[in-house]
4 protein chains.
Amino acid sequence: MSLMNDLPENLPVFSWPVRVYYEDTDAEGVVYYANYLKFMERARTEWLRHLGFEQDDLTQRLQAVFAVHHVDIHYLKPALFNHLLNIQSTMSEIGRSSLTFEHKVMLDSADDVFCSAHIKVVCVSTDNFRPKRVPQEIRDALHGQ
Amino acid sequence: MSLMNDLPENLPVFSWPVRVYYEDTDAEGVVYYANYLKFMERARTEWLRHLGFEQDDLTQRLQAVFAVHHVDIHYLKPALFNHLLNIQSTMSEIGRSSLTFEHKVMLDSADDVFCSAHIKVVCVSTDNFRPKRVPQEIRDALHGQ
Amino acid sequence: MSLMNDLPENLPVFSWPVRVYYEDTDAEGVVYYANYLKFMERARTEWLRHLGFEQDDLTQRLQAVFAVHHVDIHYLKPALFNHLLNIQSTMSEIGRSSLTFEHKVMLDSADDVFCSAHIKVVCVSTDNFRPKRVPQEIRDALHGQ
Amino acid sequence: MSLMNDLPENLPVFSWPVRVYYEDTDAEGVVYYANYLKFMERARTEWLRHLGFEQDDLTQRLQAVFAVHHVDIHYLKPALFNHLLNIQSTMSEIGRSSLTFEHKVMLDSADDVFCSAHIKVVCVSTDNFRPKRVPQEIRDALHGQ
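Participant: Before we go on, may I ask you to explain the overall build of chain A in this structure?
Facilitator: The helix and strand tally for chain A stands at three helices and five strands. Walking chain A from its N terminus toward its C terminus, one meets helices and strands in the order β-α-α-β-β-β-β-α. Its C-alpha radius of gyration of 16 Å places chain A within 12% of the 15 Å reference for a compact globule of 145 residues. Its C-alpha atoms give chain A principal-axis dimensions of about 45 × 35 × 25 Å. For chain A, the proportion of its 145 residues judged to be buried stands at 56%. Of all intrachain contacts in chain A linking residues separated by at least 6 positions in sequence, the fraction that spans at least 24 positions is 68%. Working note: accessible area of chain A is about 6100 Å², and carbon and sulfur atoms make up 50% of it. Distance between charge centres in chain A, computed from 14 positive and 20 negative side chains, equals 5 Å.

This is the structure:
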């Protein structure tokens, strides 16, 4: 553990299901590439909720919001209409004001990986979008899992 | 002219081009039905801009924003990837706090109509989303066209 | 019951939950008006699935797909980020080649209605987008509910 | 020049304007992070069109389509509703079956950079989504600029 990365060992993988609807696909018959970022944000939101945090409450109480700072995503094979996807998320770094997530989008019923991403979000002030420290209560919750 | 509908005669048709990209289509190979509402809002925004109004400025100066209250839309034939659409807009009613637009989505190079809609927007306060009078400067601009 | 509208009596209301994420909202802080149409399509898709029909299977077996023909939607009050919505759907008409749905978007925990819509979908051939008869197996399933 | 990277020297920067509408923003009042990927794809599409290529024609004639394989994107500051963005694109590598684009999203009237991305697209067969050689006519056009 360090100040820059006090990541707990054995952090569990958080899974969240996403169904592919027509809205998610494009004329190539596959999920449009930007939409995987929506799926991954849903998964991050639900992970926070699972830990006991509602983002509208965090915003009101702490004037804090998470803004995406960096995305590195590889597209491996195309997901299709009606697929039931499984978004698997874990965390690879907890910084002073950032959290780095690792996401994999998989088919629920198999080991196929459609895409995998490394996404760094920064905790920023709602006033000025300047970085602020990740709230202690979130750090505690991540360590308490 | 009446208080409820002081629509100027001979209101021109405002045309705005929209190119169909992959983001707009779905796995049936056609424009996804909700996305025509995006195209029509772009056209309304550009019409206001053409009249001299920037919506961020209206919001700041007058604490007013236009919220969609009613949409009645008929889908006649599907638009396809790469089509260059022409969004034709006119106004069928100017109420105390509402504007009613008539939109047609056509192929730029022909008379085909992909869909046609009747959309009523209400001028609301940014504070409480309650209806407020359509600003006089917008009424004047519509009459001055 | 008639040929044009053989709607079963006491057709149940189908409920489907939808969580509002950032992707669904706009800079006014509310759900963007076109996105309710996505929520309603998810609800129709899940109702068909609940009845035993997967749309990718229908498309492959019967060369049939449902295309939206008409939407009439009233927006009553704005839904917000993080709301857990309840999409309530029922059917008001079963035609030769069409189904007409009535949707209400409500807050899960209350009786507030955010918007209500009347949406007519037409069963069309995947070959030429021409109307075709709603498959008998879907009619039977709707009557058997 | 090499087989793996026959990039012409002095490849020009292609600029494409994108207006930010409500559809592009979220409840934080800024452009939703996934939507920059839409803007960048519009810019790539328009660059190809500027070079003389229509993607629907490429698909029909050559059974080829470009699929995004890798995105590395940094978000530097948030773009806002009504901003007129300038998407600047250039190419950093031409591989056997891939093109790698470098995009910057800037404010039209200033030197602010909202985000910058490195996006690798692969030319794939429409039959099986397997990589195929980037068509010679596109290579020639890139060299002829």
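We are not done yet, so read on.
Participant: I keep staring at the relation of the copies chain A and chain D and nothing clicks. Help me out?
Facilitator: Each of the two copies of the chain can be brought onto the other by a rotation about an axis and a shift along it. With an RMSD of 0.0 Å, chain A superimposes on chain D once it is rotated by 180 degrees and translated 0.0 Å along the axis. Here the symmetry operator amounts to a two-fold rotation axis. No C-alpha of chain A approaches the rotation axis more nearly than that of D72 of chain A, which lies at 2.2 Å. Most of the interface of chain A is mirrored in chain D, where 100% of its interface residues again form contacts.

Participant: What's the story with the pairing of strand β3 (residues 84-94) of chain A in this structure? I'm lost.
Facilitator: Regular strands place their side chains on alternate faces of the sheet. All names here are of chain A. Bridge count between strand β1 (residues 14-19) and β3: six bridges; the pairing is antiparallel. Among the inter-strand pairings, S15 is bridged to a residue of β3, identified as Q88. With nine bridges joining them, β3 and strand β4 (residues 98-107) adopt antiparallel strand pairing. Of the residues in β4, the one forming a bridge with E93 is T100. A loop of three residues connects β3 with β4, the two strands running antiparallel in sequence.

Participant: Looking at this model, I keep getting lost on the interface of chain A and chain D. Mind explaining?
Facilitator: In many reports, interface size means the accessible area that the parts give up when they come together. Listed as interface residues are 21 residues of chain A and, on the opposing side, 21 residues of chain D. For the chain A and chain D pair, buried surface summed over both sides reaches about 2100 Å², with 60% attributable to carbon and sulfur atoms. Where chain A meets chain D, there are zero salt bridges. Inspection of the chain A/chain D interface yields twelve residue pairs in polar contact (both at pLDDT 80 or more). Elements with a contribution of two residues or more to the side of chain A that touches chain D: α1 (35-50) and β2 (64-75) of chain A. By residue class, the composition of the side of chain A that touches chain D is 13 nonpolar, three polar and five charged. Pairing of β2 of chain A with strand β2 (residues 64-75) of chain D, which is carried by five bridges, proceeds in the antiparallel orientation. Each residue of the ladder has a partner; that of H70 of chain A, found in β2 of chain D, is H74 of chain D.

Participant: Where do I start with the sheet that holds strand β2 (residues 64-75) of chain C in this structure?
Facilitator: The strands that make up a sheet pair up through hydrogen bonds in the backbone, lying either parallel or antiparallel. Read across the sheet, ten strands follow the order β1(B)-β3(B)-β4(B)-β5(B)-β2(B)-β2(C)-β5(C)-β4(C)-β3(C)-β1(C) without closing on themselves; strand pairing throughout is antiparallel. Of all the strands in the sheet, just β1 (14-19) of chain B together with β1 (14-19) of chain C have a single pairing partner and so form its edges. Each strand axis lies, on average, 30 degrees off the axis of its neighbour in the sheet, ignoring direction. Inspection of the sheet shows strand β2 (residues 64-75) of chain B paired to strand β5 (residues 113-125) of chain B by eleven bridges, in the antiparallel sense.

Participant: Teacher, can you tell me more about the sheet that holds strand β4 (residues 98-107) of chain D here?
Facilitator: Strands sit in the order β1(A)-β3(A)-β4(A)-β5(A)-β2(A)-β2(D)-β5(D)-β4(D)-β3(D)-β1(D) across an open sheet of ten strands; the sheet is antiparallel. The two strands at the open ends of the sheet, each matched to only one other strand, are β1 of chain A together with β1 (14-19) of chain D. Strand-to-strand twist across the sheet, computed as the mean angle between neighbouring axes with direction ignored, equals 30 degrees.

Participant: Just checking my understanding: could you explain the environment of K132 of chain D for this structure?
Facilitator: Residue and element names in this part refer to chain D. For K132, the location among the structural elements is in the loop between β5 (113-125) and α3 (136-144). Taking the C-alpha atoms as reference, K132 lies 9.9 Å from F66; in sequence the two are 66 residues apart. Each residue touching K132, except ones within four places of it in the same chain, is listed here: L62, Q63, A64, R96, S97, C123, V124 and S125.

Participant: What should I look at first to understand the pairing of β4 of chain D in this one?
Facilitator: Residues and elements named next belong to chain D. Counted residue by residue, β4 has eight buried out of ten residues, so it is predominantly covered. Pairing of β4 with β5, which is carried by nine bridges, proceeds in the antiparallel orientation. Across the sheet, the residue bridging to M106 is V113, located in β5. What sits between β4 and β5 in their antiparallel hairpin is a turn of five residues.

Participant: When you look at the packing of aromatic side chains in this model, what are you seeing that I'm missing?
Facilitator: Two measures describe an aromatic ring pair: the distance that separates the ring centres and the angle between the ring planes. Tallied over the entire structure, the rule returns 32 aromatic pairs over all chains. With centroids separated by 6.1 Å and ring planes inclined at 5 degrees, the aromatic side chains of F14 of chain B and W47 of chain B adopt a geometry described as stacked. Within this pair, whereas F14 of chain B is found in strand β1, its partner W47 of chain B is found in helix α1 (residues 35-50), the two being separated by 33 residues in sequence. Summarising the burial analysis for this pair, F14 of chain B and W47 of chain B share the class buried. Ring-pair connections join several aromatic residues into one group, and the members of that group are Y32, Y33, Y36, F39 and Y75 of chain A. For R44 of chain A, the ring lying beneath its charged end belongs to F101 of chain A, and the centroid distance is 5.8 Å.

Participant: Please clarify how the interface of chain A and chain B should be interpreted in this entry.
Facilitator: The partner chain B presents nine residues to the nine residues of chain A that form the contact. Between chain A and chain B lies a buried interface of about 780 Å² when both sides are counted; carbon and sulfur atoms form 64% of it. When residues of chain A are sorted by the area they lose upon contact with chain B, Y22, A27 and Y32 of chain A head the list and together hold 56% of the total. The interface formed by chain A and chain B contains six residue pairs in polar contact (both at pLDDT 80 or more). Across the side of chain A that touches chain B, the residue classes break down as four nonpolar, two polar and three charged.

Participant: What exactly am I supposed to notice about the pattern of salt bridges here?
Facilitator: In a structure, side chains of opposite charge can pair up when their charged atoms sit close to one another. Residues and elements named next belong to chain D. Under the counting rule described, the total for this entry stands at 24 salt bridges over all chains. With its nearest N and O atoms 2.9 Å apart, the salt bridge here joins E137 to R61. Of this pair, E137 sits in helix α3 while R61 sits in helix α2 (residues 55-62); the two residues are 76 residues apart in sequence, bridging distant segments of the chain.

Participant: Just to check I follow, could you spell out unusual backbone geometry for this structure?
Facilitator: Of note in the backbone geometry, Q63 of chain A takes a positive phi value of approximately 50 degrees without being a glycine. Along the chain, Q63 of chain A turns up in the loop between α2 (55-62) and β2.

Participant: Can you help me understand the environment of V134 of chain C in this one?
Facilitator: Residue and element names in this part refer to chain C. Note on placement: V134 falls in the loop between β5 (113-125) and α3 (136-144). Classification of V134 by relative accessible area gives buried; the value is 1%. Taking the C-alpha atoms as reference points, V134 and G95, separated by 39 residues in sequence, lie 7.9 Å from one another. V134 has contacts with G95, R96, S97, S98, L99, C123 and R139, leaving out every residue within four places of it along the chain.

Conventions used here
- Residues numbered from 1 in each chain as written.
- Chains lettered and ligands numbered in written order.
- Predicted model: local features only at pLDDT ≥ 70, side-chain atom pairs only at ≥ 80, totals over all residues.
- Heavy atoms only, no water.
- Helix = DSSP H or I, 4+ residues; strand = E, 2+ residues; numbered from the N terminus.
- Rg over C-alpha atoms; globule rule 2.2 N^0.38 Å.
- Buried < 20%, exposed > 50% of the residue type's maximum accessible area, 1.4 Å probe, protein only.
- Contact = heavy atoms within 4.5 Å.
- Areas by Shrake-Rupley, 256 points an atom, 1.4 Å probe, with all protein chains shown as cover.
- Lys, Arg positive; Asp, Glu negative; His and termini not counted.
- Charge placed at Lys NZ, Arg CZ, Asp CG, Glu CD.
- Least-squares fit on C-alpha atoms with pLDDT ≥ 70 in both.
- Pairing = 2+ DSSP bridges.
- Buried area = accessible area lost by both parts, 1.4 Å probe.
- Salt bridge = Lys/Arg side-chain N within 4 Å of Asp/Glu carboxyl O.
- Polar contact = N/O pair within 3.5 Å; in protein donor to acceptor, adjacent residues only side chain to side chain.
- Nonpolar A, V, L, I, M, F, W, Y, C, P; charged D, E, K, R; others polar.
- Axes fitted to C-alpha atoms, helices over the stretch in contact; angles between N-to-C directions.
- Phe/Tyr/Trp six-rings, centres within 6.5 Å; stacked < 30°, edge-to-face > 60°.
- Lys NZ or Arg CZ within 6 Å of the ring centre and 35° of its normal.

Worth remembering: the numbers are spatial, not functional.
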